[in-house]
Amino acid sequence: MVVIGAGQAGLSTAYHLRRRGLRPFEDFVVLDGDAAPGGAWQHRPSSLTMAMVHGFHELPGAPLPPLAPLLPARDVLPGYFAAYERDNELPVLRPVAVTSVRSESPAPDARLLVQSGSGREWSARALVNATGTWTRPFVPRYPGAERFRGRMLHSSAYRGPEEFRGMGTVLVVGGGASAVQILAETAAVARTLWVTRTPPVFRDDPFVPQELGRAAVAMVEERVRAGLPPRSVVSVTGLPPSPALLLARERGALHRLPMFERITEDGVVWLDGHAEHVDAIVWATGFRAAVGHLALLGLREPGGGIRMDGTRAARDPRVHLVGYGPSASTIGANRAGRAAAVAVDRYLKTTAAPSAPALAALPS
Ligand SMILES: Cc1cc2nc3c(=O)[nH]c(=O)nc-3n(C[C@H](O)[C@H](O)[C@H](O)COP(=O)(O)OP(=O)(O)OC[C@H]3O[C@@H](n4cnc5c(N)ncnc54)[C@H](O)[C@@H]3O)c2cc1C
């Protein structure tokens, strides 16, 4: 069998597959598109320090060593992930970006053919997809965006506030933790404006109260069970008083405006005609699930999402998705990895051809 992606969700799955007796490289392999360990953490801006990472859950069975809170997460966590892969002898191959997965035949338990960009191909009886969202930044469409002459970027391309120093006004779009962090930092070097679709809800409690966390997960769970695309949980959990939020408030950067109506060559205009000149627009508008390589399996529902039954794709018992929808957090990824490993192990032992190899590398 094949796991696609070696972030928190993929490594948790691999760890539990090993514990259940699946043999690295013989029974399963983890294909990862990045050149180095660490999943999405290696790409985060260096200004995201460990102190700013909230609620990070360690990988299963591997306590995080005491960490300096001021070190960037992108420097700390990839080392921790690399040691985890090594210590647990996880069969990660990289860089291997999977470009497509198709079924060998229409039979419900046919083998899955997993194709990579380099031309290497694997045949597997089951698949756990753990590709996260980092490779699919989402920018909503607003009229006039193509005419804007200033700097426009998604938060995934943000490398810290320095590039905005000396600029007139930087507009940040989005109501989540990334927007708040970018505002906090950028307000020290430029004038900032903040726009969000719905008014932000500020929470007093730094920790997500249990019932709120559960409600957020339940909301996303319900969407994926109905075959709708998953949604961000921030709309339910609100914004906690994180160090970034307190700094943004202190710097006067939290005066939120509603969404503008259109973008002009040098700014934005609201429905009531109010206009602002802006020099840069940062879209902190989130990500979508990176599942395009699964298109040939026909997992999508008319609602646009993949209907899920636990971690299993409802339309295909060979396919599990972890770190998707309700499990898109570090704790969710841990739990989903375990659940998927248990279910896949059971599937391999009970489907029509239990003696067929779970994995085979095909000649390229
Ligand atoms: C800015 C930011 C801050 C966050 N902070 C926190 C936090 O403080 N606490 C928290 O709990 N969560 C946080 N999250 C969410 C958290 O990052 C995720 O829930 C979790 O780390 C994602 O793990 P993952 O394994 O699902 O995905 P990723 O870490 O993105 O790993 C996916 C892996 O799949 C690989 N991949 C992708 N496509 C392919 C392909 N086609 N073929 C092969 N490999 C592929 C990638 O190379 C990558 O290694 C944050 C998210 C963001 C964006």
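Relevant structure appears above.
Quick caveat: nothing in here was measured; it's all calculated off a predicted structure.

Both faces of strand β6 (residues 121-124) are covered, namely the face carrying Glu 121 and Ser 123 and the face carrying Trp 122 and Ala 124. With four bridges connecting them, strand β5 (residues 112-116) and β6 associate as antiparallel partners. Directly across from Gln 115, in β6, lies its bridge partner Glu 121. With antiparallel pairing between neighbouring strands as the criterion, β5 and β6 make up a hairpin whose turn holds four residues, including Gly 119 at a positive phi of roughly 95 degrees. Note: β6 against strand β19 (residues 359-362), four bridges, orientation antiparallel.

Moving on, we come to a positive patch on the surface. A cluster of basic residues, Arg 136, Arg 197, Arg 231, Arg 288 and Arg 300, forms a positive patch at the surface. Position of Arg 231 among the secondary structure elements: in the loop between α4 (210-225) and α5 (234-237). Exposure remark for Arg 231: the relative accessible area of 51% places this residue in the exposed category.

It is worth spelling out the packing of helix α3 (residues 177-186) against helix α6 (residues 243-250) at this point. At a minimum axis distance of 8 Å, the contact between α3 and α6 shows a crossing angle of 45 degrees. In terms of orientation, α3 and α6 fall into the oblique class. In the crossing of α3 with α6, the sense of the turn from one axis to the other is left-handed. On α6, the residues that touch Val 180, Gln 181 and Ala 184 of α3 are Ala 244, Leu 245, Leu 247 and Ala 248. When the residues that make up the contact of α3 with α6 are grouped by side-chain class, the tally is six nonpolar, one polar and no charged.

Attention now moves to the packing of aromatic side chains. Applying the stated criterion to the full structure yields 11 aromatic pairs. Considering the side-chain rings of Trp 134 and Phe 287, the 5.1 Å spacing of their centres and the 25 degrees angle between planes classify their relative orientation as stacked. Here Trp 134, found in the loop between β7 (127-129) and β8 (151-154), pairs with Phe 287, found in the loop between β15 (280-283) and β16 (308-309); they are 153 residues apart in sequence, far enough to count as distant. A relative accessible area of 24% places Phe 287 in the partly exposed class. Taking 6.4 Å as the distance between ring centres and 85 degrees as the angle between the ring planes, the aromatic pair formed by Phe 260 and Trp 270 counts as edge-to-face. In this pair, Phe 260 sits in the loop between β11 (256-258) and β12 (262-263) while Trp 270 sits in the loop between β13 (267-269) and β14 (275-277), placing the two residues 10 residues apart along the sequence.

A separate point is helix α7 (residues 330-350). End to end, α7 covers 30 Å across 21 residues, agreeing with the expected 30 Å (1.5 Å per residue, within 8%). Along α7, the residues that are buried comprise Thr 330, Gly 332, Ala 333, Asn 334, Ala 336, Gly 337, Ala 340, Ala 341, Val 344, Asp 345, Tyr 347 and Leu 348. Buried residues in α7 make contact with α1 (8-19), β7 and β18 (316-321).

For the rest of this paragraph, the subject is the pattern of salt bridges. Per the stated rule, a full pass over the model turns up 18 salt bridges. Between Asp 32 and Arg 94 there is a salt bridge whose closest N-O contact spans 3.2 Å. Separated by 62 residues along the polypeptide, Asp 32 in the loop between β2 (29-31) and α2 (73-87) and Arg 94 in the loop between β3 (92-93) and β4 (98-103) bring together distant segments of the chain. Arg 94 gets classed as partly exposed once you look at its relative accessible area, which sits at 23%. One salt bridge connects Glu 265 with Arg 149, and the closest N-O pair in it is separated by 2.9 Å. Highlighted residues: Glu 265 in the loop between β12 and β13 and Arg 149 in the loop between β7 and β8, separated in sequence by 116 residues.

Rules behind the numbers
- Residues numbered from 1 in each chain as written.
- Predicted model: local features only at pLDDT ≥ 70, side-chain atom pairs only at ≥ 80, totals over all residues.
- Heavy atoms only, no water.
- Buried < 20%, exposed > 50% of the residue type's maximum accessible area, 1.4 Å probe, protein only.
- Helix = DSSP H or I, 4+ residues; strand = E, 2+ residues; numbered from the N terminus.
- Pairing = 2+ DSSP bridges.
- Patch = residues over 30% accessible without salt bridge, like charges linked within 9 Å, V, L, I, M, F, W, Y side chains within 5 Å.
- Areas by Shrake-Rupley, 256 points an atom, 1.4 Å probe, with all protein chains shown as cover.
- Salt bridge = Lys/Arg side-chain N within 4 Å of Asp/Glu carboxyl O.
- Lys, Arg positive; Asp, Glu negative; His and termini not counted.
- Charge placed at Lys NZ, Arg CZ, Asp CG, Glu CD.
- Axes fitted to C-alpha atoms, helices over the stretch in contact; angles between N-to-C directions.
- Parallel < 35°, antiparallel > 145°, perpendicular 65-115°, else oblique.
- Left-handed = near helix turned anticlockwise from the far one by under 90°.
- Contact = heavy atoms within 4.5 Å.
- Nonpolar A, V, L, I, M, F, W, Y, C, P; charged D, E, K, R; others polar.
- Phe/Tyr/Trp six-rings, centres within 6.5 Å; stacked < 30°, edge-to-face > 60°.
- Expected span 1.5 Å × (residues − 1).

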